[in-house]
Number of protein chains: 2
Amino acid sequence: MKHHFSHGHRLDLKHGRIDLTHGAGGRATAQLVAEVFAPAFDNAWLAQGNDQAIMPPVAGRIAMSTDCHVVAPLFFPGGDIGTLAVNGTVNDLAVGGAQPLYLSAGFILEEGLPFETLVRVVGSMAQAARDAGVQIVAGDTKVVERGKADGLFITTAGVGVVPPGIELDGANAQPGDAVLVSGYLAEHGLAVLSQRDDLGFDSCIVSDCAALHGLTAQMLEACPSLRLMRDPTRGGLGNTLNEICHQAGVGIRIREESLPIRPAVRAVCEFYGLDPLYIANEGKLIAVCAMTDAPALVDAMRAHPLGRDAAQIGEITDDPHGFVRMQTSFGGERLVDWLNGEVLPRIC
Amino acid sequence: MKHHFSHGHRLDLKHGRIDLTHGAGGRATAQLVAEVFAPAFDNAWLAQGNDQAIMPPVAGRIAMSTDCHVVAPLFFPGGDIGTLAVNGTVNDLAVGGAQPLYLSAGFILEEGLPFETLVRVVGSMAQAARDAGVQIVAGDTKVVERGKADGLFITTAGVGVVPPGIELDGANAQPGDAVLVSGYLAEHGLAVLSQRDDLGFDSCIVSDCAALHGLTAQMLEACPSLRLMRDPTRGGLGNTLNEICHQAGVGIRIREESLPIRPAVRAVCEFYGLDPLYIANEGKLIAVCAMTDAPALVDAMRAHPLGRDAAQIGEITDDPHGFVRMQTSFGGERLVDWLNGEVLPRIC
C-alpha cells in the first residue's frame, strides 16, 4: 500500500461508491487505504507504508505464485471473491510443499462499486488471511470507468518458503504410484453456478473454498517422499490429471466408483449436462505417492478436517500416449481428455 | 503458469482473438501459455510447470510489491502496458534498496482481444524483464466476457532481496536533509495523454518508463546512509512529497526553478491547465539524504544514464503541519497539497 493517510470527512462506507479519484493515487486513494484496507489487513509489513514491504530473511527456497480472480457473482455459498483470492494463492503455494507467508493483493475496481461491497470482500480476505496465517503485506488499487470492468477483480500473489528435503514436482509421478484426492469434488463450481442470473438454481451445494496448507503440512510429515500435489481448480480433476500425465510422461487410470462426489452434486451435474470431472474445486488437492505409502497417507489426510473424505482414486500407468482413463461404474472404460472449450466461465 | 501444453493446430497469432476458452484452464489455456507466454518469458522457474515456482534460497531480507496496470490506451510513445507492468514493480522494489529478482504476472483479458495485441505486450514484458535482469516466474490468465474489461489488465507482483545495512524508509527523513530528483518530470503522464481519443495531441513527449534498479544500486554505493527513495508515479512529485511528509512528520520546501521540466512538457501542461507536479512519472525517483551527502549523491546519479539530469530540488523542513511548500520562480511561495480529485484517469 503506497498510501495510508486520511483527511477530512470519513468515507460513507454504507452508502458511498468508488469513483475515479480513488484510483488516482492522491488524497482519495490514501483515504480508501486508510479506512478500508489498512484496518482490515493490519500488519507491521503493510504499515511500513513505503513502495514495497520488507520482511525478515527466510531460511529455505522461495516459492511464488499468482492468481487473478474474476468470479461472477462476487458472493456465493461458502465464500466470495475475497476468500477465493486468499485461499487460491495460499493453496498454490501449499501444494508445492511451501509454507505460505506473505500475499500481495491488487484490486481493479469499477467506478460505481458500492463501498459496502468492497468492505465486505476486504473483510473476507482479512479473515481468510488470519485463518491461513498469512499476511497481506502489499497492495495496489486502480479504478476504471463504469463499464470497463465488472465490479471488482482481485489479483493476489504469494510468497512462501519450502523446507529442506521437500521435492514435489508434477514430473515425479511414476508408473505404479497411487493417485489420491482429499475429498468431495466439484462443489465450488456448482456453488458459483447456483448464483448465476441466467442459470441460478436452489441447492444445498456450498463452495469448498479453504486454505490447504495445514493439510499439506500434515501430509508431508506422514509421507516426506510424496511425489507431488496439485489443486484441481479451473478445469477440475480431469484437466489436472492430464497436466500431471503431460508433465511426467505417464498415464493415469482412475475408478469412477472411487471418486468422492456427493449425490446433490451428481444430480445437478446430470440435470445440466455437466461433467463433475471438469468442475472447479477450491479446497481440494490431488496427491501422488508410492503405492506402499498410500494407506498411511490416506490415514494422515483423513485425520485432518479438510481431508476427512480423502480417497485413493487410481494409479499412475505406463502410457506413451499420456492418457487419463476411467473405469466406469458400469465396468467399461472412458477416456478423460483435457478440458475442451469453456465449461463455466468466470468460476474463480 | 499452470499449463504448458499445446495440441493440434497452432494459434493464429496474426488474425485470431482471445475467447472464453483461453481462460477456462483447459486445452486452450494450455495452448495460449505454450505458444505465447512460455516462449517469451522463457526461464527455468516458469518451466517447472507446477502450481507455483520454487527458487533457490536468498540471503537477506525479502522485499515484496505489487501493481495493477490499467493504462489506456495500451500503447504510447516510449512504452506500453507491458513495459509499464515490469518496470513499475521493479522500481517499487528498487526504491526500497532491494535487488529485484522475480516477478509474477496476472493477465485479465477481454474476450475478443486480438492475439496480436497480447503478443506485442508480452514481448514488451519479456524485453523489459531481460533489461531489468528479473525473471517472470509465475503467471495466471483469466478471460472475461466482451464489455466486462477493457482489452487487457496486467497485475505484476515482485520479490527482491535487500542487502544487509540498507535501511530505507519514508519515516527516515529529517529536517535539514536534501531532496533530490533523478531527472525530468511529468513525461509519462503526458505521453499517455497524447494518445487519448478525447484529448489526443501531437507532441514529442515520450514516456520515461524505465527500470531504476541500476541507478538505485549506484546511489546506495555512493551513499549507503541514504534516508529513502520513492518513485513518483500516480500523483506525481507533488503527492509523493506529501506522503513523505506524512510518514516522517516533517515538511518539505522545494524551489520551482530547480525542478527539471522540459519546455515541451511545460507548454502542454499550460495549454491543458495541468500541473506537472501531479503528473505521473515511470522512470524517476525522489531521494532524501543528509545535506552533506547531497553533492556526492547528485554526482553519482548523474553518472548513470537514468540519472543524468538529477537535481537537488529542496530540503526537508521542521513543520508540524507537514506541508510541502514551493518557492515559485516569481519569488512567492505556494502550498503543494495532496493531489485532490482525478487528474488523469488510467495513466498506469
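Residues numbered from 1 in each chain as written. Chains lettered and ligands numbered in written order. Predicted model: local features only at pLDDT ≥ 70, side-chain atom pairs only at ≥ 80, totals over all residues. Heavy atoms only, no water.

As a reminder of what qualifies: UniProt positions are given in the numbering used here, feature names are shortened, and annotations may be inferred rather than shown by experiment.
The name an unreviewed UniProt entry gives chain A is Hydrogenase expression/formation protein HypE, with Paraburkholderia dinghuensis as the organism. Checking UniProt for chain A, the heading Sequence similarities (unreviewed entry) contains the comment "Belongs to the HypE family."

### Some thoughts on the UniProt feature "domain: PurM-like C-terminal" (unreviewed entry) in chain A
Rule in force here: Put simply, DSSP marks the helices as runs of H or I at least four residues long and the strands as runs of E at least two long, and each gets a number from the N terminus on.
The positions that UniProt labels "domain: PurM-like C-terminal" (unreviewed entry) are, in the present scheme, residues 174–325 of chain A. As annotated, residues 174–325 of chain A comprises 32% helix and 16% strand, and the C-alpha atoms at either end are separated by 16 Å.

### Describing the nonpolar core
Let me state the cut-off plainly: Among buried residues, those of type Ala, Val, Leu, Ile, Met, Phe, Trp, Tyr and Cys that are joined through side-chain atoms within 4.5 Å constitute a nonpolar core. Three exposure classes are used, based on accessible area relative to the maximum for each residue type with a 1.4 Å probe and protein chains only: buried under 20%, partly exposed in between, and exposed over 50%. What fixes the domain bounds is an automatic or database domain assignment. In what follows, residue pairs with any heavy atoms lying within 4.5 Å of each other are defined as contacts.
Counting 80 residues, the largest nonpolar core has Phe-107, Leu-118 and Leu-152 of chain B as its most contacted members. Top element by residues in this core is helix α3 (residues 115–132) of chain B. It accounts for nine residues. When we break this core down by domain, the ones giving at least three residues each are domain 1 (20–162) and domain 2 (170–335) of chain B. Among all residues touching Phe-107 of chain B, those that are not within four sequence positions of it are Cys-68 of chain A together with Phe-37, Phe-41, Leu-118, Val-122, Met-125, Asp-140, Thr-141, Lys-142, Leu-152, Phe-153 and Ile-154 of chain B. Core analysis: the second largest hydrophobic core is formed by 79 residues, Val-121, Leu-259 and Cys-269 of chain A together with Ala-24 of chain B among them.

### Description of the sheet that holds strand β1 (residues 53–55) of chain A
Strands belonging to one sheet form pairs held by backbone hydrogen bonds; the direction of such a pair is parallel or antiparallel. Note the following rule: A pair of strands is treated as paired once DSSP finds two or more bridges between them. To obtain each axis, a line is fitted to C-alpha atoms, and for helices this fit is confined to the stretch in contact; angles are then taken between N-to-C directions over 0 to 180 degrees.
Pairing is mixed in the open sheet, where five strands are placed in the order β1(A)-β2(B)-β7(B)-β5(B)-β6(B). Among the strands making up the open sheet, the edge pair consists of β1 of chain A together with β6 (135–144) of chain B. Between one strand axis and the next, the sheet turns by 15° as a mean value, whatever way the strands run. Inspection of the sheet shows β1 of chain A paired to strand β2 (residues 61–69) of chain B by three bridges, in the antiparallel sense. Paired with Met-55 of chain A across the strands is Ile-62 of chain B, a residue of β2 of chain B. Contacting β2, β5 (99–110), β6 and β7 (152–162) of chain B, helix α2 (residues 81–94) of chain B runs over the sheet at an angle of about 150° to β2 of chain B.

### Here's the deal with the interface of chain B and chain A
Selection criterion: In short, buried area is how much 1.4 Å probe accessible area vanishes from two parts on joining, totalled over both. Think of a salt bridge as a Lys or Arg side-chain nitrogen and an Asp or Glu carboxyl oxygen that are within 4 Å of each other.
Residue-level contacts link 84 residues of chain B with 84 residues of chain A. Buried surface at the junction of chain B and chain A, summed over both partners, amounts to about 7000 Å²; 56% is from carbon and sulfur atoms. By the criterion of area lost to chain A, the three top residues of chain B are Asp-51, Met-64 and Arg-234 of chain B, representing 12% of everything that side buries. Across the chain B-chain A interface, the total number found is eight salt bridges. A salt bridge links Glu-145 of chain A to Arg-346 of chain B; the shortest N-O distance between them is 2.8 Å. Those elements that place two or more of their residues in the side of chain B that touches chain A are α1 (27–41), β1 (53–55), β2, α2, β5, β6, β7 and α6 (236–248) of chain B.

### Some points on α3 of chain B
Residue and element names in this part refer to chain B. For the record, the criterion: Between the first and last residue of a helix there are one fewer steps than residues, each counted as 1.5 Å, and that sum is the expected span.
For α3, spanning 18 residues, the distance from its first C-alpha to its last is 25 Å, which sits close to the expected 26 Å at 1.5 Å a residue. For α3, every residue scored as buried is listed here: Phe-115, Thr-117, Leu-118, Val-121, Val-122, Ser-124, Met-125, Ala-126, Ala-128, Ala-129 and Ala-132. Backbone geometry just after α3 places Gly-133 at a positive phi near 70°.

### Comments concerning the relation of the copies chain B and chain A
Test applied: Each copy is superposed on the other by least squares, with the fit set by C-alpha atoms of residues at a pLDDT of at least 70 in both.
Taken as rigid bodies, chain B and chain A are interconverted by a rotation of 180° and an axial shift of 0.0 Å, the fit giving an RMSD of 0.0 Å. Taken together, the rotation and translation describe the operation of a two-fold axis. Proximity to the rotation axis, assessed at the C-alpha, singles out Ala-149 of chain B in chain B; its C-alpha lies 2.1 Å from the axis.

### A word on the sheet that holds strand β11 (residues 286–289) of chain A
Residues and elements named next belong to chain A. Strand order in the open sheet formed by seven strands is β9-β11-β8-β12-β10-β13-β14, and the pairing between neighbours is mixed. Two strands close off the open sheet at either side, each with one partner strand: β9 (228–230) and β14 (333–335). Adjacent strand axes in the sheet meet at a mean angle of 25°, parallel and antiparallel pairs treated alike. Of the strands in this sheet, β8 (178–181), β11 and β12 (311–317) are in contact with helix α8 (residues 294–302), which crosses β8 at around 10°.

### Notes on the packing of helix α5 (residues 213–222) of chain B against helix α8 (residues 294–302) of chain B
Residues and elements named next belong to chain B. What counts, and what does not: For classification, angles of less than 35 degrees are called roughly parallel, those exceeding 145 degrees roughly antiparallel, those between 65 and 115 degrees roughly perpendicular, and all remaining angles oblique. If you view the pair so one helix is near and one far, a crossing is left-handed when the near helix is turned anticlockwise from the far one by less than a right angle, and right-handed when it is turned clockwise.
Axis separation between α5 and α8 bottoms out at 9 Å; the angle between their running directions is 150°. Judged on the interaxial angle alone, α8 and α5 are roughly antiparallel. The handedness of the crossing between α5 and α8 comes out as right-handed. Only Leu-297, Ala-300 and Met-301 of α8 make contact with α5, whose side of the interface consists of Leu-215, Gln-218, Met-219 and Ala-222.

### Some points on the confidence of the model for chain A
Stated precisely, the cut-off is as follows: Confidence of the predictor in every single residue is expressed as pLDDT, which spans 0 to 100.
Per-residue confidence for chain A gives a mean pLDDT of 95, with 98% of residues at or over 70. Counted against residues more than four places away or in other chains, residues 1–7 of chain A, with its pLDDT under 50, gives 39 contacts.

### Some words on the UniProt feature "domain: PurM-like N-terminal" (unreviewed entry) in chain A
In this structure's numbering, the residues bearing the UniProt feature "domain: PurM-like N-terminal" (unreviewed entry) are residues 49–162 of chain A. Between the end C-alpha atoms of residues 49–162 of chain A the distance is 28 Å, and the span holds 28% helix and 43% strand.

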